[in-house]
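Residues per chain are reported as follows:
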Amino acid sequence: MHGEDQRRGERGEDEVRALVVLPVPVRAAPAEGERADFTGIDLSGMDFSGRNLSAAVFVCARLRSVQFSRTILDLADFTEADLTAAKLMNADLKGANFTHTILRRAKMNGADLRVQTAKLPNGTIYESPVRFIESKFGDTDMSAVQVDRLVVEKLNLAGIKADKEVLALMSP
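Residues numbered from 1 in each chain as written. Predicted model: local features only at pLDDT ≥ 70, side-chain atom pairs only at ≥ 80, totals over all residues. Heavy atoms only, no water.

Time to look at the confidence of the model for the protein chain. On average, residues of the protein chain carry a pLDDT of 87, and 80% of them reach 70 or more. Note that pLDDT drops below 50 for residues 24-28; the model gives that stretch 3 contacts with residues more than four away or on any other chain. (pLDDT = per-residue confidence, 0-100. Contact = heavy atoms within 4.5 Å.)

What follows is the structure, encoded as structure tokens:
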């Protein structure tokens, strides 16, 4: 004890009389067949390289400088996500949705942007092409991507580094 506190017999620190422990919600890994849901979460700088995040939901997620190299992201939903400076090199992005997604300075070279095809038990074939609807590009590297068909709307192709064939598919 110091000075005046010592003379009065008081302590200079508050006394803890009770400790309350509250449960903290923890997201468990999704069960088999469920989609990983990262909606609205800031995952900036995380490294998911080589992981299987098939059909994951990244709606409104902040994914700046995230490493997704060689990651399985088929049917992933990146609607309104910020993928500024993300690394998606050689990623499996078949059927992914990039509606209103920021892809400035993203590196997507070698990524697989082909249509995702599924044959249902009743024989129906379901196709899901990659979607770029009002996506925002700038210094985006899409060189050597694999692509067969895209759904595109309201894109400004300035700032995209890609092969002529890819740029032609991205032109409405």
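The final tally for this structure, using the stated rule, is 9 aromatic pairs. For the pair Phe 68 and Phe 78, a centre-to-centre distance of 6.2 Å together with 70° between the ring planes defines the contact as edge-to-face. Placement of the pair is Phe 68 in the loop between helix H1 (3-8) and strand E1 (116-119) and Phe 78 in the loop between H1 and E1, with a sequence separation of 10 residues. Each member of the aromatic cluster is reached from another via a ring pair, and the members are Phe 38, Phe 48, Phe 58, Phe 68, Phe 78, Phe 98, Phe 132 and Phe 137. (Phe/Tyr/Trp six-rings, centres within 6.5 Å; stacked < 30°, edge-to-face > 60°. Helix = DSSP H or I, 4+ residues; strand = E, 2+ residues; numbered from the N terminus.)

Here the focus is unusual backbone geometry. Positive phi outside glycine occurs at Leu 75, with the angle close to 65°. Relative to the assigned elements, Leu 75 resides in the loop between H1 and E1. Among the residues examined, Leu 75 registers a relative accessible area of 33% and is labelled partly exposed. Of note, Glu 80 is a non-glycine position whose phi angle comes to about 60°, a positive value. (Buried < 20%, exposed > 50% of the residue type's maximum accessible area, 1.4 Å probe, protein only.)

Further remarks concern the nonpolar core. Ranked by internal contacts, the top residues of the largest apolar core, which has 38 residues, are Phe 58, Phe 68, Phe 78, Leu 93, Met 108 and Phe 132. Listed by contribution, the elements that provide at least two residues to this core are strand E3 (130-133), strand E5 (150-153) and helix H2 (164-170). Each residue touching Phe 58, except ones within four places of it in the same chain, is listed here: Phe 38, Leu 43, Leu 53, Leu 63, Phe 68, Leu 73, Ala 76, Asp 77, Phe 78, Thr 79 and Ala 81. (Core = buried A, V, L, I, M, F, W, Y, C linked by side-chain atoms within 4.5 Å.)

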